[in-house]
Amino acid sequence: MDTPTLTILIVVAVVLALIGYWALRRRRRPVTRIEASGRLGKTAGVLGAALRGAWDSGLDDSTWDEIEEGLLAADVGVEASTRVVQALRSSKPETADDARELLAVLLVSELDDAPRMLHLDSELSTVLIVGVNGTGKTTTVAKLSARLKRDGKKVLVGAADTFRAAAGEQLELWAERVGVDVVTGQEGGDPAAVVFDAISAARARGVDVVLIDTAGRLHAKKNLMGELKKIHRVAAGDGEVDEVLLVLDATAGQNGLAQVREFAEAVPLSGIVLTKLDGTAKGGIVIAVENQLGVPVKFIGLGEGVDDMEPFDPDSFVGALLERS
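Along each chain, residue indices are assigned from 1 in the same order as the chain's sequence is written. It should be noted that, the model being predicted, local features are given only for residues of pLDDT at least 70 and side-chain atom pairs only at 80 or more, the latter also being counted only at that level, while totals for whole chains, interfaces and linings use all residues. Side-chain numbers here rest on the full set of heavy atoms in the structure, without hydrogens or water.

## Comments concerning the packing of aromatic side chains
Thinking step 1. Stacked, edge-to-face and tilted are the three classes for Phe, Tyr and Trp ring pairs, Trp counted by its six-membered ring, which pair at centre distances within 6.5 Å; planes under 30 degrees apart are stacked, over 60 edge-to-face, the rest tilted. Per the counting criterion, the structure on display carries 1 aromatic pair.
Thinking step 2. The rule for a charge over a ring is simple: NZ of Lys or CZ of Arg within 6 Å of the ring centre, and within 35 degrees of the ring normal. Just above the ring of W174 sits the side chain of R177; from NZ or CZ to the centre is 4.4 Å.

## A word on the nonpolar core
Thinking step 1. What makes a nonpolar core is a set of buried Ala, Val, Leu, Ile, Met, Phe, Trp, Tyr and Cys residues whose side-chain atoms join them at distances within 4.5 Å. For the exposure calls, accessible area comes from a 1.4 Å probe over protein chains only, and a residue counts as buried if that area is under 20% of its type's maximum, exposed if over 50%, partly exposed in between. In terms of nonpolar packing, the biggest core is built from 76 residues, with I67, L274 and L277 touching the most fellow members.
Thinking step 2. Residues within four places of L277 in sequence aside, it is in contact with R39, L40, A250, G283, V286, I300, G301, L302 and F317.
Thinking step 3. In this structure, V141, L144, V180 and M309 belong to the second largest nonpolar core, which totals 24 residues. The criterion used for residue contact is that any of the two residues' heavy atoms lie within 4.5 Å.

## Some remarks on the pattern of salt bridges
Thinking step 1. The salt bridge criterion pairs a side-chain nitrogen of Lys or Arg with a carboxyl oxygen of Asp or Glu, the two atoms within 4 Å. Tallied over the full model, the rule gives 9 salt bridges.
Thinking step 2. Taking the shortest distance from any N to any O, the salt bridge between K298 and E243 comes out at 3.0 Å. Taken together, the residues span a long stretch of sequence, with K298 in strand β7 (residues 297-301) and E243 in strand β5 (residues 243-249) at a distance of 55 residues. Both residues of the pair, K298 and E243, belong to the buried class. Helix and strand labels come from DSSP, where a helix needs a run of H or I of at least four residues and a strand needs a run of E of at least two; each type is numbered from the N terminus.

## Regarding the environment of V46
Thinking step 1. When you line up the elements, V46 lands in helix α3 (residues 41-56).
Thinking step 2. For V46 and G70, which are 24 residues apart along the polypeptide, the C-alpha to C-alpha distance reads 7.3 Å.
Thinking step 3. Discounting chain neighbours no more than four positions away, the residues touching V46 are A73 and A281.

## Points about helix α8 (residues 167-178)
Thinking step 1. Relative to the 16 Å expected for 12 residues at 1.5 Å per residue, α8 spans 17 Å between its end C-alpha atoms, a close match to the ideal helical length.
Thinking step 2. Within the sequence span of α8, burial applies to A167, G168, L171, W174, A175 and V178. All buried residues of α8 fall inside an arc of 125° around its axis, so they share one side. Turned more than 90 degrees from where α8 packs its buried face, L173, E176 and R177 sit exposed.
Thinking step 3. Contacts made by the buried residues of α8 are with α7 (137-150), β2 (155-159), β3 (181-183) and β4 (209-213).
Thinking step 4. Note on α8: the residue one or two positions beyond its end, G179, has a positive phi of about 90°. Helices are assigned an expected span. That span is 1.5 Å times one less than the residue count. Working definition: the arc comes from the directions between the helix axis and the C-beta atoms, pointing outward to the latter.

## Overview of the sheet that holds strand β6 (residues 271-275)
Thinking step 1. Strands are labelled as partners when DSSP assigns at least two bridges between them. Strand order in the open sheet made by the 8 strands is β3-β2-β4-β1-β5-β6-β7-β8, with mixed pairing throughout. Two strands close off the open sheet at either side, each with one partner strand: β3 and β8 (309-311). When the angles between neighbouring strand axes are averaged without regard to direction, this sheet yields 25°.
Thinking step 2. By the bridge criterion, 3 bridges tie β6 to β7 in an arrangement that is parallel. Note on definitions: angles span 0 to 180 degrees between N-to-C directions of axes, and those axes are lines fitted to C-alpha atoms, for helices only across the stretch in contact.

## A closer look at the packing of α3 against helix α4 (residues 61-73)
Thinking step 1. Two numbers describe how α3 lies on α4: the axes approach to 8 Å, and their chain directions differ by 180°. In this view, α3 runs roughly antiparallel relative to α4, as classed from their interaxial angle. When α3 is examined against α4, the residues V46, L47, A50, L51, G53, A54 and W55 are found in contact with a partner set consisting of T63, E66, I67, G70, L71 and A73. Reported orientations rely on four angle classes, namely roughly parallel under 35 degrees, roughly antiparallel over 145, roughly perpendicular from 65 to 115, and oblique for the rest.

## Some thoughts on the confidence of the model for the chain
Thinking step 1. Scored from 0 to 100, pLDDT records how confident the predictor is in each individual residue. Scored by pLDDT, the chain has a mean of 84; 86% of the residues are at 70 or more.
Thinking step 2. Predicted confidence is poor over residues 26-31, with pLDDT under 50, and the contacts of this stretch with residues over four places away or in other chains come to 7 contacts.

Set out below in structure tokens:
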């Protein structure tokens, strides 16, 4: 048997094993809130329509082009879409159902297998929330505060965005609604000083987790990144920051990734919070984010309510995307 043929057989065998494993996991686990809520309806609708068209045409040469176009329309990204379609085509599925199952496996395999839980093992855990303005950083701080509080954690919030008008007041309103303490500073003041005060207050009050909201101005990027580095140094103190979460607006699609890289160069990102997934037809950006940034998505935002944030699970996410196909 020649080498190319053997390679193809090995690839097919691995793919079939993955299909069986993925199908078994889906049978065993309950339907998640992401799937049940239908909050990914816009992306599922666009991708589903493209895939239904592909299945209806029969599994011929045009099928693979239609699938790739659907993945690109969902903002999965060029490299990932090409890789997935090539693997799908090479496996030679016999029916549309086989192709659908395999597509799900391949999309899940494109997502990082890194741990997605928050690492909050310190006596006082520190979490920095970073990202450009308008992505939903402050709302994410509130949602995360509420989730941690439900988990039995005592939380304090530091309002280190001292540059945006009324940012502190907005965070105070959220903190009051959620029921957590907040430390603010003067508008235009030193954000690192707010971080220092917040951590000092957290230690004095026996807090478990301190969340730091930071500025995200698009102008004066050099100064912003310098301030972020200073904030990170102050937050780390004699140890390290437990989590640095980047908040990314899913509706920005591929255009938002260039901005993200600047943050990644300034501070060591540990996870992504992808917001506004319920409002975009380009939910495949999750795959592009992980492919291009190498940082795991840990939470996704599915609405404006304080409970509208879910831990990211690749299986349930892909299941929700393909539910209309």
